[in-house]
Amino acid sequence: MHNHEKEVLRTDKKIAILGNPNVGKSVIFGLLTGKYVMVSNYPGTTVEVTTGHANFDKELGIIDTPGVNNLIPMSEDERVTRDILLNEDLDGLVQVIDAKNLRRGLLITLQLCEMGLPFLIDLNMGDEARSRGMYVDSKRLGDILGVRVVETVATSRKGISKLVKSTTKTKKSHFSFRYSPEIEEGAKKIAELIPEARIGKRSMALMLLSGDESLKPWLASLDAEAIKKIEQIRDRAQASYSQPLNYVITKRRLEEVHRIVKQTESREEKKAGSILESFGRLAVHPIKGIPILMAVLLLVYWFVGVFGAGTLVDFFEGVIFNEYINPTSTGIIERLIPSKLAQDFLIGDYGIITMALTYSVAIILPIVGTFFIAFGILEDSGYLPRLAVMVNRIFKILGLNGKAVLPMILGLGCVTMATLTARTLETKKERIIVTLLLALGVPCSAQLGVILGLLGGLSGAALAVWAGSVVTTLFVVGFLASKVIPGGSYDFIMELPPIRVPKLSNILIKTATRVEWYLKEAVPLFILGTIVLFTLDITGILGGIEIAASPLIVGVLGLPAQATGAFLIGFLRRDYGAAGLFALASAGLMDTTQIVVSMVTITLFMPCIANLFIIIKERGWKTAAGMVAFIFPTAFIVGGILNFILRYFEVML
Amino acid sequence: MTIHEHDIDELLELLWTLKERNVDSLGEALRISEQENPERIIEEMENAALVEIKGDKISLTKKGDAMARDIIRRHRLAEVLLSQIFELSDEAVHAEACKFEHILGPDVTESVCTFLGHPPVCNHGNPIPRGECCQRFKKEMKPLVLPLTELSPGEDGRIVFIAPKEHKRLDKLTTFGVVPGSTIKLHQKTPSFIIKIGETDLAIDEDIAKEIYVRRAENGDNRKR
């Protein structure tokens, strides 16, 4: 995916949108550019920086920055946003503030004032604030800060045209306030030592006083002595306080924020909570939350597993492909291309059309599509963070906390995409554990579809053994990993956004973006895999490998030798391998025990080549190599143990 | 050499602890006293009607007993404060508590006692003499400042201080506005703590909730205790 450093806008004029998480930045961005990005209720999903051209002025570039709560960065997201302010030659900023959370927004505003950057405030979601009996005097706010304040309700496009007109009228704020003499003194001295920058020296000095480690690279141009001096100044200022300086500084800012809020915000007697609010509370209730959780999972299963993997796949595969596309293309190709080899290449057992396209489009697309629709609804409704609350304790066993539920659930859609979101987790330890568990045992929707299709047709017991084996492996590995991998404690502090009714258009656009990404990622790999398999088959190598691997496949796992091909291709994509096993099972070459053992083994494979690449990119070579060395043997060992147990105790499934 | 109040305080403290161990020997008291020239101090105390001496037996008068009681109370409350809230080492606690016992005024002592939730014993398990505030506490049964975990769901609390184990945690809470002075509402305790600050709902671990100390506020009204 995109690297934000490469994505830097090259337009002459450009503005950036920033604000707290969940204030509607992405929707505003979408309305200003017409290019849509992921909108999500889950704090921290907007990790990637998105850019686009304004739809009202093609010359104007717009950057959508990750949500921040403070410009003294505490996470990668916040750092990205701060770096954009430092490095991009911005003509102005649009700060989006959630009208019902004015206080949190103003903490950022005050830092923009200090930086001396020209900006305007987009006071968004006034409708939600009013429904809670809260009013913000936007005119008064504008007067106090000396910048423009525009009110919008982005979801219903209210105020957008006014916002568009105001984008050229950003101003530096005249608002200023002072810190304690010790801090002011320190800031003044540091300001004398540092070079000119896009943002004001005083604000830069305050960041350095806050002990912002992430500014280190920026200081590289300074000589060692100056850096030492800065540290001395910092230490001297710190000596006057028992609390860390950044806390002292932020507290001072909050005092100012409080003053402004008092002058601009008014409240009426709070109206009774809405139904959505009550639902939000129920969803995290220790007891009543559980049936809700079950109902949500059941609905998702019904929509994806039954409707998507059943009804839609039957239609696409059974009707569209098997009745129309495959017979037609077979007819055409047999007439047009005389070479038998070329014919096989396209429409043979391992043919690009008959295997790769049929599989990726007819089987995967409906499953992935329905999953992403379901996931989008969960995201936009604000349920996911509540799910995180519910599973927090269980995840602690794995050395994780509830926040990790987002990548895990997303992994049920696409493990590769989920691995990318693992970076929203705070500690390296959590990121490694999540990456490992995703790669090891969270089946993606494509694979789930195949597995459920196969096992569901057998018996409930077979499905239970498969699920039990995979979940047990995940817990054992996660538990051990949490003990083995070093790392400190991690906090569970998570914002619960209000429950909202998702907007259909948002869901559809978001799903389209994800499906597009998935297909671009998956289809070439299916084709590559098919070509590899085709080549191995033609050259007879497949037969050779089957013989070589047979002690493992036949001896340990107790499977027919033909299964080797499926496992081989499972190295490329495990769902593809699963599909191969599906074919063997359909042909009556495996009994129930063999099917279950083979499915457990392939589920524990690394999901796909793309996932491996992403792991290398995100976690580095060493970690990736370690994971490969761990995952594949583990898959075979677990499969072997399961086979042994089932055979030894003569379990009938 | 003049006798300082300080010396008298020390001996009063000593006599109180001896009394706790049922020791009333003057010789024993003189032997273990760390003060210079304890005989003179005792003499002075006898003159001030703080102690009564009969042969080798020494006992506190009513006046002396009251004074000793206050000193011990200040010392032991200081110990609890320094070790449990400030997490100082044992040596530091002892050294500092010895200073505190001489300087805490009655009002501050009450506040400290209330703040700590009227602890009945010090770190070493020795009883802390009760003060007036503790009597009131018995009726009200509500310490002034308590960890967030002690609030009941639905109650409001005004944050008095946050004692985080890590600074990073403090930073994160700060950006959500969870700082001393803010009022938060506790929504629920399981499966996670959920607090409402402003219009933001936050889910936090119990570990973190334990570190947030609040003053209970009757729904919305911060002034009431």
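The rules we used
- Residues numbered from 1 in each chain as written.
- Chains lettered and ligands numbered in written order.
- Predicted model: local features only at pLDDT ≥ 70, side-chain atom pairs only at ≥ 80, totals over all residues.
- Heavy atoms only, no water.
- Contact = heavy atoms within 4.5 Å.
- Buried area = accessible area lost by both parts, 1.4 Å probe.
- Salt bridge = Lys/Arg side-chain N within 4 Å of Asp/Glu carboxyl O.
- Polar contact = N/O pair within 3.5 Å; in protein donor to acceptor, adjacent residues only side chain to side chain.
- pLDDT = per-residue confidence, 0-100.
- Helix = DSSP H or I, 4+ residues; strand = E, 2+ residues; numbered from the N terminus.
- Expected span 1.5 Å × (residues − 1).
- Axes fitted to C-alpha atoms, helices over the stretch in contact; angles between N-to-C directions.
- Parallel < 35°, antiparallel > 145°, perpendicular 65-115°, else oblique.
- Nonpolar A, V, L, I, M, F, W, Y, C, P; charged D, E, K, R; others polar.
- Patch = residues over 30% accessible without salt bridge, like charges linked within 9 Å, V, L, I, M, F, W, Y side chains within 5 Å.
- Areas by Shrake-Rupley, 256 points an atom, 1.4 Å probe, with all protein chains shown as cover.
- Lys, Arg positive; Asp, Glu negative; His and termini not counted.
- Charge placed at Lys NZ, Arg CZ, Asp CG, Glu CD.
- Buried < 20%, exposed > 50% of the residue type's maximum accessible area, 1.4 Å probe, protein only.
- Domains from an automatic or database assignment.
- Core = buried A, V, L, I, M, F, W, Y, C linked by side-chain atoms within 4.5 Å.
- Pairing = 2+ DSSP bridges.

Student: Which parts of the structure should I look at to understand the interface of chain B and chain A?
Tutor: By a frequent convention, interface size equals the accessible area lost on bringing the separate parts together. Each partner contributes to the interface: chain B provides 29 residues, whereas chain A provides 36 residues. Its largest share of buried area at the contact with chain A, chain B owes to Thr175, Pro191 and Glu199 of chain B, together 22% of the area lost on that side. In this structure, Arg132 of chain A and Glu199 of chain B form a salt bridge, with 2.9 Å as the shortest nitrogen-oxygen distance. The interface formed by chain B and chain A holds 13 residue pairs in polar contact (both at pLDDT 80 or more) in total.

Student: Please clarify how the confidence of the model for chain A should be interpreted in this entry.
Tutor: Residues shown with low pLDDT carry predicted positions that ought not to be read at fine detail. Residues and elements named next belong to chain A. Summing up the model confidence of chain A, the mean pLDDT is 85 and the portion of residues at 70 or higher is 95%. Counting contacts from residues 1-8, a segment whose pLDDT is below 50, to residues more than four positions away or on other chains yields 12 contacts. Considering only residues more than four positions removed or in separate chains, one finds that residues 36-46, a stretch of pLDDT under 50, has 48 contacts.

Student: Which parts of the structure should I look at to understand helix 27 (residues 621-648) of chain A?
Tutor: Residues separated by three or four positions in an α-helix point in the same direction, a consequence of the helix having 3.6 residues per turn. Compared with the 40 Å implied by 1.5 Å per residue over 28 residues, the 40 Å span of helix 27 of chain A between its first and last C-alpha is a close match. Count one or two residues on from helix 27 of chain A and you reach Glu650 of chain A, which has phi positive near 50°.

Student: Even after reading the chapter, I still don't get the packing of helix 18 (residues 428-441) of chain A against helix 26 (residues 609-619) of chain A, so can you show me in this structure?
Tutor: The geometry of a pair of packed helices is captured by two quantities: the angle between their axes and the separation between those axes. Residues and elements named next belong to chain A. Interaxial distance between helix 18 and helix 26 falls to 12 Å at its minimum, and their mutual angle equals 175°. It follows from the interaxial angle that helix 18 and helix 26 lie roughly antiparallel. The segment helix 18 lies against helix 26, with Arg431, Ile432, Thr435 and Ala439 engaging Asn611, Ile615 and Arg619. The class makeup of the residues in the contact of helix 18 with helix 26 is 3 nonpolar, 2 polar and 2 charged.

Student: Got a minute to help me understand unusual backbone geometry in this structure?
Tutor: Both trends apply: most residues other than glycine have a negative phi, and most peptide bonds are in trans. Note that the residue after Thr190 of chain B, namely Pro191 of chain B, is joined by a cis bond; omega there is -5°. Structurally, the position occupied by Pro191 of chain B is in the loop between strand 5 (183-188) and strand 6 (193-197). Unusually for a residue other than glycine, Asn22 of chain A sits at a positive phi of about 65°. Tracing the backbone through its elements, the reader meets Asn22 of chain A in the loop between strand 1 (13-19) and helix 1 (25-33). Phi is positive for Met125 of chain A, close to 65°, though the residue is something other than glycine. Mapped onto the elements of the fold, Met125 of chain A is located in the loop between strand 5 (119-124) and helix 4 (126-131).

Student: Would you mind showing me how to read a negative patch on the surface here?
Tutor: Residues and elements named next belong to chain B. A grouping of Glu43, Glu44, Glu46 and Glu52 is seen on the molecular surface, where their side chains present a negatively charged patch. Broken down by element, the negative patch gets its largest block of residues, 3 residues, from helix 3 (residues 38-47). The residue Glu52 is located in strand 1 (residues 51-54) in this model. Taking the relative accessible area as the measure of exposure, Glu52 reaches 44% and is therefore partly exposed.

Student: Teacher, can you tell me more about the domain arrangement of chain A here?
Tutor: Entries for chain A in the domain assignment read domain 1 (13-166), domain 2 (188-239) and domain 3 (289-488 + 507-648). Computed over C-alpha atoms only, the centres of domain 1 of chain A and domain 3 of chain A are separated by 39 Å.

Student: Can you walk me through the nonpolar core in this structure?
Tutor: Soluble globular proteins tend to bury their nonpolar side chains together. All names here are of chain A. Ranked by size, the top nonpolar core spans 113 residues in total, and within it Phe372, Leu400, Phe567, Leu581 and Met599 carry the most contacts. Tallying contributions element by element places helix 14 (residues 352-381) first for this core, with 12 residues. In terms of nonpolar packing, the next biggest core, distinct from the first, is built from 61 residues, Tyr179, Met204, Leu222 and Ile233 among them.

Student: Can you help me understand the sheet that holds strand 7 (residues 200-204) of chain B in this one?
Tutor: Each strand in a sheet pairs with another by means of backbone hydrogen bonds, the pair being arranged parallel or else antiparallel. Sheet architecture is open: 7 strands sit in the order 9(A)-7(B)-6(B)-5(B)-4(B)-8(B)-3(B), paired in antiparallel fashion. Among the strands making up the open sheet, the edge pair consists of strand 9 (493-496) of chain A together with strand 3 (145-147) of chain B. Adjacent strand axes in the sheet meet at a mean angle of 40°, parallel and antiparallel pairs treated alike. For strand 5 of chain B and strand 6 of chain B, the ladder comprises 4 bridges, and the chain directions are antiparallel. Residue pairing in the sheet places Ile184 of chain B in a bridge with Ile197 of chain B of strand 6 of chain B. Lying over the sheet, helix 8 (residues 167-175) of chain B contacts strand 9 of chain A together with strand 4 (156-162) and strand 8 (212-217) of chain B, oriented at roughly 15° with respect to strand 9 of chain A.

Student: Hey, could you run me through the environment of Ser83 of chain B in this one?
Tutor: Residue and element names in this part refer to chain B. Tracing the backbone through its elements, the reader meets Ser83 in helix 4 (residues 62-85). Ser83 sits 95 residues away from Val178 along the chain, and the two C-alpha atoms are 25 Å apart. With near-sequence residues (within four places) excluded, Ser83 lies in contact with Leu88, Val93 and Asn123.

Student: Can you walk me through the pattern of salt bridges in this structure?
Tutor: Two side chains bearing opposite charge may form a pair once their charged atoms approach each other closely. The full count for this structure, using the stated rule, is 34 salt bridges over all chains. A salt bridge links Lys14 of chain A to Glu88 of chain A; the shortest N-O distance between them is 2.7 Å. Residue Lys14 of chain A is located in strand 1, and its partner Glu88 of chain A is located in the loop between helix 2 (76-87) and strand 4 (92-98); the two are separated by 74 residues in the primary sequence. A salt bridge links Arg514 of chain A to Glu379 of chain A; its shortest N-O distance comes to 3.1 Å. With a gap of 135 residues between them, Arg514 of chain A in helix 21 (residues 504-539) and Glu379 of chain A in helix 14 connect regions that are remote in the sequence. As far as burial versus exposure is concerned, Arg514 of chain A and Glu379 of chain A are alike and both buried. Several salt bridges converge on common partners, so that one network encompasses Arg132, Glu265 and Arg267 of chain A together with Lys196 and Glu199 of chain B.

Student: Any chance you could explain helix 3 (residues 102-115) of chain A here in plain terms?
Tutor: All names here are of chain A. Helix length check: helix 3 (14 residues) gives 20 Å between terminal C-alpha atoms against 20 Å at 1.5 Å per residue, within 8%. With 13 of 14 residues buried, helix 3 is to be regarded as a mostly interior element. A positive phi of about 75° marks Gly116, the residue just after helix 3.

Student: Explain the sheet that holds strand 4 of chain A to me, please; I cannot follow it from the model alone.
Tutor: Residue and element names in this part refer to chain A. Within the open sheet, the 6 strands sit side by side as 2-3-1-4-5-7. Their pairing is mixed. If you trace the sheet from one side to the other, it starts and ends with strand 2 (50-53) and strand 7 (149-152), each paired once. Across the sheet, the axes of successive neighbouring strands diverge by a mean angle of 25°, strand direction being ignored. Pairing of strand 4 with strand 5 involves 6 bridges; the strand directions are parallel. By the bridge assignment for strand 5, Gln95 is matched with Ile121. Each of strand 1, strand 2, strand 3 (60-64), strand 4, strand 5 and strand 7 touches helix 1; the most contacted strand, strand 3, lies at about 165° to it.

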